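Descriptive analysis of the structure
As a plain string of letters, each chain reads:
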Amino acid sequence: RPRPYIPPLLAVRVISLLHVLGLVDQLAQGGRDLRDRIRRRLLAEPEAAAPTAVRARALSTVGHLTSLQGNIETARAMLEESLAIWRRLEDRAGIATVLQHLGWFECDRWNWTAALCLAEESLAISRELGEPRGLAEALALAALARDETGDPSARALLEESIAICRALGDRIGA
């Protein structure tokens, strides 16, 4: 059966919407075909290649999903392109989010020094922005990376992350 055509700008908006609606986990679990078609559009279509916030968000989301499914080099390339766009746009929240994705990516590879560097930059930005959910996630990443590098301050960061998650009513993060 022929697959429907997905216009490139629609593809990046769909993946951004999935991210905003919290449906990313569902896509990671069963939406491999949709994810792959969106990724191909992101990489191949010139009109979707403009360095916009929509493209950066889509690259970040699809890059994160791609890493969860084991396509490491493609994931890294997408996340790094997303980070470059966010930096160019000077979007601190976007930068912090992608730094976290890259930090977790390095944790999965047991590259604790790189993970700590990414975590610290994300944490500094997240503290500056003061957005609780992003701050809790940055604290958790920094706590893990610090713990794995033998830094005794890891526990305090984890406790701060848990306190924020509890205040938000998040039982999973707490």
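What counts, and at which threshold
- Residues numbered from 1 in each chain as written.
- Predicted model: local features only at pLDDT ≥ 70, side-chain atom pairs only at ≥ 80, totals over all residues.
- Heavy atoms only, no water.
- Helix = DSSP H or I, 4+ residues; strand = E, 2+ residues; numbered from the N terminus.
- Expected span 1.5 Å × (residues − 1).
- Buried < 20%, exposed > 50% of the residue type's maximum accessible area, 1.4 Å probe, protein only.
- Contact = heavy atoms within 4.5 Å.
- Salt bridge = Lys/Arg side-chain N within 4 Å of Asp/Glu carboxyl O.

In a regular helix each residue adds 1.5 Å, so 18 residues correspond to 26 Å; helix H7 (residues 112-129) covers 25 Å between its end C-alpha atoms and thus fits that length. Within H7, the full set of buried residues consists of Trp112, Ala115, Leu118, Ala119, Ser122, Leu123, Ile125 and Ser126. Looking at the packing, one finds that the buried side of H7 touches helix H6 (92-108), helix H8 (132-148) and helix H9 (154-167). Two residues or fewer past H7, glycine 130 is found with a positive phi of approximately 75°.

Summed over the entire model, instances satisfying the criterion amount to 9 salt bridges. The closest approach of N and O atoms between arginine 109 and glutamate 106, which form a salt bridge, is 3.9 Å. Judged by relative accessible area, glutamate 106 falls into the buried class, the value being 5%. Note that glutamate 159 and arginine 155 form a salt bridge whose closest N and O atoms lie 2.8 Å from each other. In this pair, glutamate 159 and arginine 155 are both assigned in helix H9, 4 residues apart and thus about one turn of the helix distant. One connected set of salt bridges, linked through shared partners, spans Arg76, Glu80, Glu106 and Arg109.

Geometric descriptors of this kind do not, in isolation, establish any biological role.
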